[in-house]
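Per-entry structural report
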Amino acid sequence: MAGNNRENAANTDRKNMWRDAAILFAITLISGLLLGLVYQVTAEPRREQQERKIREACQAVFAQAQSFEEMSYTPNEALARELSAEGVRIGTVYRALDGAGSPLGYVIETTSGEGYGGNITLYAGITNDGIVNGVSILSISETPGLGMRAGEVLIPQFSGKMATGFTYTKSGSQSDSEIDAISGATITTEAVTNAVNGAVSAFTGDLQKGGE
């Protein structure tokens, strides 16, 4: 009798285990299907939102452009090595176009991996004439009150200047190619300057010559 009771108990345990496993599988399956459905439903709005953010970011550095065309661009080998040595990489590049579809210049995404708080990513707009039309920071995570002032202190200093490369100084700029550093945030200043220089190098080294 005791043996039968143990066997019945074991059978009951197995049944409960399989029931619980079936319930868990059903919950997981339904959850997965619902997540997939939500992803499909929200895919188009998310894509539109992303495109709008990109367009707004491009417009911030090239206000006179009517549209932006994404390019297929890879830096040449020598330039890629040069940028890598500075901790900089080139991201997406766009042609800035006027209302007739004629190119006005480029919007170049660059990232410096050597900010005080990590990566600093920005867009630099450069006209066909080689003028820095504008610079806008896309992402930054520096020290509040110091490096986080980059958008306020550093970015305006690049606009309207020839795209020939920039250096930073702590003693007051003496030329258009010098950028006044943020006091107490030299690392951030250098990272932002290097990121802008990366865009300048891509322009002068490849894009200005028609490279793609």
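Quick summary incoming for the structure in this document. (Residues numbered from 1 in each chain as written. Predicted model: local features only at pLDDT ≥ 70, side-chain atom pairs only at ≥ 80, totals over all residues. Heavy atoms only, no water.)

Some details on the packing of aromatic side chains
We apply this condition: Ring pairs shown here join Phe, Tyr and Trp side chains whose ring centres sit within 6.5 Å, with only the six-membered ring taken for Trp; geometry is labelled stacked below 30 degrees between planes, edge-to-face above 60, and tilted in between. Helix numbers and strand numbers start at the N terminus; a helix is a DSSP run of H or I with at least 4 residues, a strand a run of E with at least 2. Exposure classes here rest on a 1.4 Å probe applied to the protein chains alone. A residue is buried below 20% of its type maximum, exposed above 50%, and partly exposed in between.
Tallied over the entire structure, the rule returns 3 aromatic pairs. Taking the centre distance of 6.1 Å and the plane angle of 65° together, the rings of Tyr94 and Tyr123 count as edge-to-face. On the criterion of sequence distance, the pair formed by Tyr94 in strand β2 (residues 88–97) and Tyr123 in strand β4 (residues 118–127) is long-range, its members being 29 residues apart. For the residue pair Tyr94 and Tyr123, the accessibility class agrees, reading buried in each case. Consider the rings of Phe158 and Phe166, whose centres lie 5.1 Å apart with planes at 90°: the pair is edge-to-face.

Overview of the environment of Ala199
Threshold: We call two residues in contact whenever any of their non-hydrogen atoms come within 4.5 Å of each other.
In this structure, Ala199 sits in helix α4 (residues 186–205). Setting aside chain neighbours within four positions, we find Ala199 in contact with Ile90, Ile108, Thr110, Ala124 and Ile126.

Some thoughts on the pairing of β4
Cut-off, in case you're wondering: Here a strand pair is declared whenever DSSP counts at least two bridges between the two strands.
Counting buried residues along β4, 8 of its 10 residues qualify, which places the element largely inside the surrounding structure. Relative to β4, strand β3 (residues 103–115) runs antiparallel, the two sharing 9 bridges. Across the sheet, the residue bridging to Tyr106 is Ile126, located in β4. Relative to strand β5 (residues 132–139), β4 runs antiparallel, the two sharing 6 bridges. If you follow Gly125 over to β5, its bridge partner there is Gly134.

Digging into the side chain of Ser136
The topology assignment puts Ser136 in strand β5. Beyond its immediate sequence surroundings of up to four residues, Ser136 is in contact with Ala60, Val61, Leu122, Tyr123 and Ile155.

Brief notes about the sheet that holds β4
Applied cut-off: An axis is simply a line fitted to the C-alpha atoms; with a helix, the fit covers only the stretch in contact. Between two such axes, the angle follows the N-to-C directions and lies from 0 to 180 degrees.
An order of β1-β2-β3-β4-β5 is seen for the 5 strands of this open sheet, with the pairing classed as antiparallel. Each having just a single partner strand, β1 (67–70) and β5 make up the two edges of the open sheet. Looking at each pair of strands side by side, their axes are set apart by 25° on average, direction ignored. Contacting β2, β3, β4 and β5, α4 runs over the sheet at an angle of about 145° to β3.

Structural notes on a nonpolar patch on the surface
Formally: Residues form patches when they are more than 30% accessible in relative terms and have no salt bridge. Like charges link within 9 Å. Nonpolar side chains (Val, Leu, Ile, Met, Phe, Trp, Tyr) link within 5 Å. The Shrake-Rupley method, run with a 1.4 Å probe, gives the accessible areas here. Residue values count only the displayed protein chains as cover. Criterion for a salt bridge: a side-chain nitrogen of Lys or Arg within 4 Å of a carboxyl oxygen of Asp or Glu.
A surface patch of nonpolar side chains, about 340 Å² in accessible area, is lined by Phe25, Leu29 and Leu33. Position of Phe25 among the secondary structure elements: in helix α1 (residues 2–61).

Some words on the nonpolar core
Across soluble globular proteins, nonpolar side chains have a tendency to be buried as a group. Put simply, the rule reads: What is meant by a nonpolar core is a set of buried Ala, Val, Leu, Ile, Met, Phe, Trp, Tyr and Cys residues, joined one to another through side-chain atoms within 4.5 Å.
By size, the foremost hydrophobic cluster in this structure holds 33 residues, and its most contacted members are Val93, Ile108, Val135, Phe158, Val192 and Leu207. By residue number, the principal contributor to this core is α4, which donates 8 residues. The residues contacting Phe158, other than those within four sequence positions of it, are Val132, Val135, Phe166, Ile179, Val192, Thr193 and Val196. Listed in part, the 10 residues of the second largest apolar core include Ala57, Phe62, Phe68 and Ala96.

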